[in-house]
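Architecture at a glance
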Amino acid sequence: MPDPGERDAFLASVRSRLDLPDAIARDVLEELEGHLEDAAADLRAAGLSADDAERRAIGRLGDARALGTELARARRGRRQLLAAVGGGIRAVLAEGIRTWIFLAVLASLTAILALPAASIVRLLLGLRSTSSMLVGMPGSLATAGVVVGGFAYLGWILPARSAGPAVRSVRGVRRAVALVGLAVGSAILWFLVPVAMDPVLVVGLPLGPVAFALTALRAPERPTIRVGFVPAVIGAAILFLPMTLLALAATDPPLDNWMADISPIGDVPAATDIENTALAITWSRSYGVPYGGQAEVTVVAGDAAATVAARLPTLRVEVWSARVVDGVVRFGSAPLVVQPAPTEPITILH
Amino acid sequence: MSHDQLRSQLLKGTTPYLVLAVVRDGELYGYQIAQRIRERSDGAFVPSEGSLYPTLHRLEADGALTATWREGEHGPRRRWYRITPAGVATLAAHEAEWEAFSGAVTRVASVSREPSGA
């Protein structure tokens, strides 16, 4: 009987260079073993001793490590690599949407819980107004954390879902998924995310695709981390504090008695021959402090509307920055935008 | 360059087509393919067995071959290869190219063998 150790050592050496999933590698090795079996049988039939036949059969297959490398390269043909990249994009879309919906729901639920917590904190501390920079920073950190964590999670699971078992553990596929994710993620962040970001978000958000690429390069063949119920609860608990701070920043006390000096708006030019008292000036507001919102000023001229429109064919529409400080609306020093607009009286039928 | 080296260089790149050519006639497994090439070429072509399997797997990855496992008479299972329509088309394209190429080489060689008129 030939020494089985020689064949085993040869196959183990081939396996050391087979960068393929276990199941595929086993098939490749079994095929080589069958070949060695046939070759050795023929050589024995030709008169060689069992040991010599085994040695000659192994020798004809050449260098084991080179063979392993070539076989691994051959198994991941261009077609399969393309299929893997295609599968990766499909998986990014399917899994990405699922994960982001999950994270959005998680963040929303946490925010809903954080709102009453913010009210309680405000009540306990007697806060009337809060500095958005002070409490906005932890909120931005939480946001950046969620984005980076979400991207890292996607990078961890996607290579395993990006292709069939034949190629999914291949380094080239991991690299392809990492590259695609880095490019797509960066594009989404830079082109789709609103640009009003503080320094934390400016630095934190671009780290998301980087985290994706880094975890994708080290992604396991079978990911063991899946977002389940317990991690979700833990994640929500971790998010709760920054969300509460964010809610503090986002929900200043209601401005029941907010004031602004709007008297200049009521100064009707003398050319119109219309008394200021003929005009009713009202405010309507849609205000989401501290990050944005708007207040609209409506000037109702009543019966004098037609006269105003005729004598003042154009108006200056001005957009001002404003800030609420201690319940008072304070405008900036100059309008941000000034634009002429035609006067259009609105006739209200009673 | 020795005779073997020259033959090895000429053989380089043609192994996929030799494989497709012998598999076109029927399903075979790896060892049989090597044997068949050797027999058909009267021993002129002995493809390196080490390069045979990467070639087979590459052809499979490219869709020119399909493979099926079957139990062997003795020992491990054997992986049988069958040519696909894409493989047949690849082989036909190569044969046409090869005929043109070898014809041109032969013509050049025969001209160079003729005695000069001077």
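Residues numbered from 1 in each chain as written. Chains lettered and ligands numbered in written order. Predicted model: local features only at pLDDT ≥ 70, side-chain atom pairs only at ≥ 80, totals over all residues. Heavy atoms only, no water.

In total, this model carries 16 salt bridges over all chains according to the counting rule given. Between A:Glu70 and B:Arg58 there is a salt bridge, and its shortest N-O distance comes to 3.2 Å. Of this pair, A:Glu70 sits in helix 4 (residues 64-75) while B:Arg58 sits in helix 4 (residues 49-61), placing the two residues on different chains. A:Glu70 sits in the partly exposed class, given a relative accessible area of 29%. You can call B:Arg58 partly exposed: its relative accessible area is 31%. Here B:Asp25 ties to B:Arg40 by a salt bridge, and the two come within 2.3 Å at their closest N and O atoms. Of this pair, B:Asp25 sits in the loop between helix 2 (15-23) and strand 1 (28-29) while B:Arg40 is found in helix 3 (residues 30-40), placing the two residues 15 residues apart along the sequence. (Salt bridge = Lys/Arg side-chain N within 4 Å of Asp/Glu carboxyl O. Helix = DSSP H or I, 4+ residues; strand = E, 2+ residues; numbered from the N terminus. Buried < 20%, exposed > 50% of the residue type's maximum accessible area, 1.4 Å probe, protein only.)

Residue and element names in this part refer to chain A. Looking at chain A as a whole, its pLDDT mean stands at 70, while 48% of the residues score no less than 70. Element-level mean pLDDT values for chain A span from 57 in helix 11 (residues 263-266) up to 91 in helix 3 (residues 50-60). This model gives residues 130-134 a pLDDT under 50, and the stretch forms five contacts once residues within four places in sequence are excluded. Predicted confidence for residues 164-169 stays below pLDDT 50, and this span has 21 contacts to residues more than four positions away or in other chains. (pLDDT = per-residue confidence, 0-100. Contact = heavy atoms within 4.5 Å.)

What follows deals with the packing of aromatic side chains. How two aromatic rings sit relative to each other is given by the distance of their centres and the angle of their planes. Residue and element names in this part refer to chain B. Going through the model one piece at a time under the given rule, you end up with one aromatic pair over all chains. Ring centres 5.0 Å apart and planes at 80° place the aromatic pair Tyr-29 and Trp-80 in the edge-to-face group. With Tyr-29 in strand 1 and Trp-80 in strand 3 (residues 78-83), the pair connects residues that are 51 residues apart, well separated along the chain. Of the two residues examined, Tyr-29 and Trp-80, each falls in the buried class. (Phe/Tyr/Trp six-rings, centres within 6.5 Å; stacked < 30°, edge-to-face > 60°.)

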